[in-house]
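The lines below spell out each chain.
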Amino acid sequence: MVFLLPITAANRQTQQELLRCWHELTRVKVSHLSEEALSAMDEEYIQSLQPKRQPPKVVPAPAPAPAQPAVPKLSPEEEARQSRLKRIDEMIRKGRLETLKPMVEKYPADFDVSQLAAAASSGQEDIVRYLLLDAKIDPAGADDNGKRAYDLSSTKGVRNVFRRVAHDNPDLFDWTAAKVPSGLSEEAEAAQEKKKSDRRKGLREKMKERAVARGEPEPLEMEQELDTKPAVQIPAPTNRTGPQRLGGAAGVAGLSGMSQEMRQQIERERRARAAEARFKTAPE
């Protein structure tokens, strides 16, 4: 195919370019390569045919384990003190006052408000009194929860020990900081016991009047009757077949087959036990 172009300057230049391209495409080129060059070309071609290797995965190094805090090693003196404090705590909780006194005299630095709190929480009245008066342990100190030894008292008797010591020795400690409400004299404590006894006596009289109004034996008579007469043994139930109801032997069905006198005696015992339970649970 021949392209005929008008003879112009631009067309002439285009025609020259076409001729040059034609000569470049149709001319045989011969190049002389050395054996090393040919080997390099072969190697490059072979490498291009092989699959590309994936780069190795970089595994992150494990994080170093946190260093464990070193446990401080106790000196022989500190170990002996820790063992001694355990023995002191055991003496306090078991109420061994006579064994505790030599320890207080020999190791006064081992005793502080923690031992006083242990004695108060264990209900050891004698040890609390000894630690306050003889060991001179200030009860105003608080534990980690802000509790004083008086706050940790487990019984009313222990609290009364604090109050009696505060009444007899008002200048010994700061009793307000120790949370001790007020001093308690022996006369005030005796008045409290008398008031409690009178209240218990009045309650007993009211129960006696109610029992008489209902026609029941008086509580005192029932107690004397229980002391003088042996307890009646309830006969064991006979073998039965079929399902048994829980508590059937102790209920009303358990009294069947007994004489009238035996049933009355068992009923009196039940009423006496109920009266004793009311005495124990009556508010003081």
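What counts and what doesn't
- The residue count restarts for each chain, going from 1 along the sequence in the order it is written.
- Restriction of local features to residues with pLDDT of at least 70 applies here, the model being predicted, together with a cutoff of 80 or more for giving and counting side-chain atom pairs; totals for whole chains, interfaces and linings are based on all residues.
- Side-chain numbers come from the whole structure's heavy atoms, not from hydrogens or water.
- Helix and strand definitions here come from DSSP, where helices need a minimum of 4 consecutive H or I residues and strands a minimum of 2 consecutive E residues; each element is numbered from the N-terminal end.
- In this scheme, a residue with accessible area under 20% of its type's maximum is buried, one over 50% is exposed, and one in between is partly exposed, where area comes from a 1.4 Å probe on protein chains only.
- Residue contacts are defined here by distance: any two heavy atoms, one from each residue, within 4.5 Å place the two residues in contact.
- The criterion is simple. A nonpolar core is a set of buried Ala, Val, Leu, Ile, Met, Phe, Trp, Tyr and Cys residues joined through side-chain atoms within 4.5 Å.
- Aromatic rings from Phe, Tyr and Trp, with only the six-membered ring used for Trp, were paired whenever their centres fell within 6.5 Å, and each pair was classed as stacked if the ring planes differed by under 30 degrees, edge-to-face if by over 60, and tilted otherwise.
- Charge over a ring is defined by NZ of Lys or CZ of Arg lying within 6 Å of the ring centre and within 35 degrees of the ring normal.
- Each reported salt bridge corresponds to a side-chain nitrogen of Lys or Arg within 4 Å of a carboxyl oxygen of Asp or Glu.
- Our arc is simply the arc of the directions from the helix axis toward the C-beta atoms.
- All axes here are fitted lines through C-alpha atoms, helices being fitted over the stretch that makes contact, and every angle between N-to-C directions spans 0 to 180 degrees.
- Any angle that falls under 35 degrees is termed roughly parallel, while one over 145 is termed roughly antiparallel, one within 65 to 115 roughly perpendicular, and all others oblique.
- When the near helix sits turned anticlockwise from the far one by under a right angle, the crossing is termed left-handed; a clockwise turn instead gives a right-handed crossing.
- Expected helix span is given by 1.5 Å per residue-to-residue step, counting one fewer step than there are residues.
- A patch consists of residues whose relative accessible area exceeds 30% and which take part in no salt bridge; residues with like charges are grouped when within 9 Å of each other, and nonpolar side chains (Val, Leu, Ile, Met, Phe, Trp, Tyr) when within 5 Å.
- Under the convention used here, a 1.4 Å probe and the Shrake-Rupley method define accessible areas, while residue burial counts only the protein chains that appear.
- For every residue, the predictor reports its confidence as pLDDT, a number between 0 and 100.

J.: Help me understand the overall build of the protein, please; the structure alone is not making it clear to me.
T.: Along the protein, the regular secondary structure elements total 10 helices and 0 strands. For the protein, the N- to C-terminal ordering of α and β elements is α-α-α-α-α-α-α-α-α-α. Out of the 284 residues in the protein, the part that is buried amounts to 21%. Taking all contacts inside the protein whose residues are at least 6 apart in sequence as the whole, residues at least 24 apart take part in 62%.

J.: What is the right way to look at the nonpolar core in this model?
T.: Nonpolar side chains tend toward joint burial in soluble globular proteins. Ranked by internal contacts, the top residues of the largest apolar core, which has 31 residues, are Leu100, Phe111, Leu116, Val128, Leu131 and Phe162. When near neighbours in sequence (up to four residues on either side) are disregarded, Leu116 contacts Val128, Leu131, Leu132, Ile137, Pro139, Ala149 and Phe162.

J.: Quick question: what am I supposed to make of the packing of aromatic side chains here?
T.: Between two aromatic rings, the relevant description is the distance of the centres plus the angle of the planes. Under the counting rule described, the total for this entry stands at 2 aromatic pairs. Taking NZ or CZ as reference, Arg84 lies 3.9 Å from the ring centre of Tyr107, over its face.

J.: Looking at this model, I keep getting lost on the pattern of salt bridges. Mind explaining?
T.: Between side chains of opposite charge, pairing is possible as soon as their charged atoms come close. For the coordinates displayed, the defined rule picks out 8 salt bridges. Residues joined in a network through salt bridges with shared partners are Arg81, Arg84 and Asp110.

J.: What should I look at first to understand unusual backbone geometry in this one?
T.: The general pattern is negative phi for most residues beyond glycine and trans for most peptide bonds. For Lys136, which is not glycine, the phi dihedral falls at a positive 55 degrees. Within the secondary structure layout, Lys136 lies in the loop between helix H6 (125-133) and helix H7 (156-168). Backbone geometry at Lys179 places phi at a positive 65 degrees, although glycine is not the residue there. Inspection of the secondary structure assignment puts Lys179 in the loop between H7 and helix H8 (186-213).

J.: Which parts of the structure should I look at to understand helix H4 (residues 97-106)?
T.: Residue pairs spaced three or four apart in an α-helix point in one direction, given the helix's 3.6 residues per turn. Considered for burial, the residues of H4 that qualify are Leu97, Leu100, Met103 and Val104. Seen along its axis, H4 keeps its buried residues to an arc of 115 degrees; they face one direction. Within H4, the exposed residues directed more than 90 degrees away from the buried face are Glu98, Glu105 and Lys106. Buried residues in H4 make contact with helix H3 (76-93) and H6.

J.: What exactly am I supposed to notice about the packing of H6 against H7 here?
T.: What describes two packed helices is the angle between their axes and the distance between those same axes. Closest axis-to-axis distance for the H6/H7 pair is 9 Å, and the angle between their directions is 25 degrees. When the axis of H6 is compared with that of H7, the two are roughly parallel. Crossing of H6 over H7 shows right-handed handedness. Side by side, H6 and H7 meet where Glu125, Val128, Arg129, Leu132 and Leu133 of the first sit next to Gly157, Val158, Val161, Phe162, Arg164 and Val165 of the second.

J.: What's the story with H7 in this structure? I'm lost.
T.: Taking 1.5 Å as the rise per residue, H7 with 13 residues should run 18 Å; its terminal C-alpha atoms sit 18 Å apart, in good agreement. Taken together, the buried positions of H7 are occupied by Val158, Asn160, Val161, Phe162, Arg163, Arg164, Val165 and Ala166.

J.: Even after reading the chapter, I still don't get the packing of H4 against H6, so can you show me in this structure?
T.: At a minimum axis distance of 11 Å, the contact between H4 and H6 shows a crossing angle of 20 degrees. Taken together, the axes of H4 and H6 lie roughly parallel to each other. You can see that H4 and H6 cross each other, and the crossing is right-handed. Residue-level contacts link Leu97, Leu100, Lys101 and Val104 of H4 to Asp126, Ile127 and Tyr130 of H6.

J.: Please clarify how a nonpolar patch on the surface should be interpreted in this entry.
T.: A cluster of nonpolar residues, Leu33, Leu38 and Met41, forms a patch on the protein surface that exposes about 280 Å² of accessible area. Residue placement: Leu33 occurs in the loop between helix H1 (9-26) and helix H2 (35-49).

J.: Help me out: how do you make sense of the confidence of the model for the protein in this one?
T.: Residues at a pLDDT of 70 or more form 75% of the protein, whose mean pLDDT is 76. Per-element confidence in the protein ranges from a low mean pLDDT of 48 for helix H9 (residues 219-228) to a high of 93 for H6. Across residues 221-253, where pLDDT falls below 50, the model places 28 contacts with residues more than four positions away in sequence or in other chains.

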